[in-house]
Amino acid sequence: MNYIPPLSIAQVTDIHLFASENHQLLGMPTSESFKVVLARLQELKSEIDLLLLTGDLSGDGTSESYEHLQSLVNQLQIPTYWLPGNHDCAIAMNEILNLGMISRRKSFQRGNWNFILLNSAVPECVHGHISANTLSWLESELTKLGDKPTLIALHHPPFLINSLWLDSSSLQNPEEFFAVIDRHPQVKLVLFGHIHQKFQHQRHNVEYLGTPSTCIQFRSNSPTFAIDEKSPGFRLLKLYPSGVWETSIERVPYFHPLELAATGY
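In this text, all values refer to a predicted model and were calculated from it rather than measured experimentally.

Caption draft 1: Region of the structure containing the packing of aromatic side chains. In total, this model carries 10 aromatic pairs according to the counting rule given. Where F192 meets F199, the ring centres are 5.9 Å apart and the plane angle is 55°; that geometry is what we call tilted. Judged by relative accessible area, F192 falls into the buried class, the value being 0%. Here the aromatic cluster, defined as three or more aromatic residues joined through ring pairs, consists of F159, F177, F178 and Y208. Above the ring of W82, the side-chain terminus of K106 is found at 3.6 Å from the ring centroid. R203 extends its terminal NZ or CZ atom over the ring of F178, reaching a point 4.2 Å from the ring centre.

What follows is the structure, encoded as structure tokens:
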């Protein structure tokens, strides 16, 4: 039997780029912090097989922000896949983010693993919801793809994370989502963003992982909006053909004084 090496992926999330490269989010120049993350990914390039961008890639949903993102990410020359978050414009993303190494495909196979990327964003809303059509598509993909280990990604957390202000904008129909996953034991991992912090929770042998943002970090277990002083980061995962996996959080040495003023997420 031929040896299949583990697949190494990086999850990058909540980038919040704007039409203007100088625009700041709560005092942080998001383009600048993202470039520091990209520099670290460049150093790791030989070890990374693909990138997953899990939403809020833009902070204003403009075409310019996605064109900027595309030019930056394509410099890495790493296959890249994406899904929208609540700050994104899915239409603009679909038109722009499909050049070079960036693909708009939402179901694909790599290294004996299946990947399925879901849209949990609701236009003009901060909270998440997976539509009936998307749930039906997820069910059909899981059935069609068979029993290879599977990773699912979406933007919104399907769990409450003990932060009252963030929990109001989590996925609003998690039980419908879990019902599909429960019928397909090949699902091993679910990745999400939105919460700008590290999170890990196991449910029915599936691990659910939240990941730091490439810009500002939200303080964990905070009932009200609060910024954490942790630096920007991303998640690395190593996926073995057997379905076994390993993961770690990587943070970059980027610090910038922030404005402690609340804003909508």
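Back to the text.
Caption draft 2: View of the packing of helix α1 (residues 30-43) against helix α2 (residues 63-74). Orientation of α1 relative to α2, taken along the N-to-C sense of each, is 20°, at an axis distance of 11 Å. Between α1 and α2, the crossing angle belongs to the class labelled roughly parallel. Of the two elements, α1 crosses α2, and the hand of that crossing is right-handed. Between α1 and α2, the residues in contact are S31, F34, K35 and L38 and H68, L69, L72 and V73, respectively. Residue composition of the contact of α1 with α2, by class: five nonpolar, two polar and one charged.

What counts as what
- Residues numbered from 1 in each chain as written.
- Predicted model: local features only at pLDDT ≥ 70, side-chain atom pairs only at ≥ 80, totals over all residues.
- Heavy atoms only, no water.
- Phe/Tyr/Trp six-rings, centres within 6.5 Å; stacked < 30°, edge-to-face > 60°.
- Buried < 20%, exposed > 50% of the residue type's maximum accessible area, 1.4 Å probe, protein only.
- Lys NZ or Arg CZ within 6 Å of the ring centre and 35° of its normal.
- Axes fitted to C-alpha atoms, helices over the stretch in contact; angles between N-to-C directions.
- Helix = DSSP H or I, 4+ residues; strand = E, 2+ residues; numbered from the N terminus.
- Parallel < 35°, antiparallel > 145°, perpendicular 65-115°, else oblique.
- Left-handed = near helix turned anticlockwise from the far one by under 90°.
- Contact = heavy atoms within 4.5 Å.
- Nonpolar A, V, L, I, M, F, W, Y, C, P; charged D, E, K, R; others polar.

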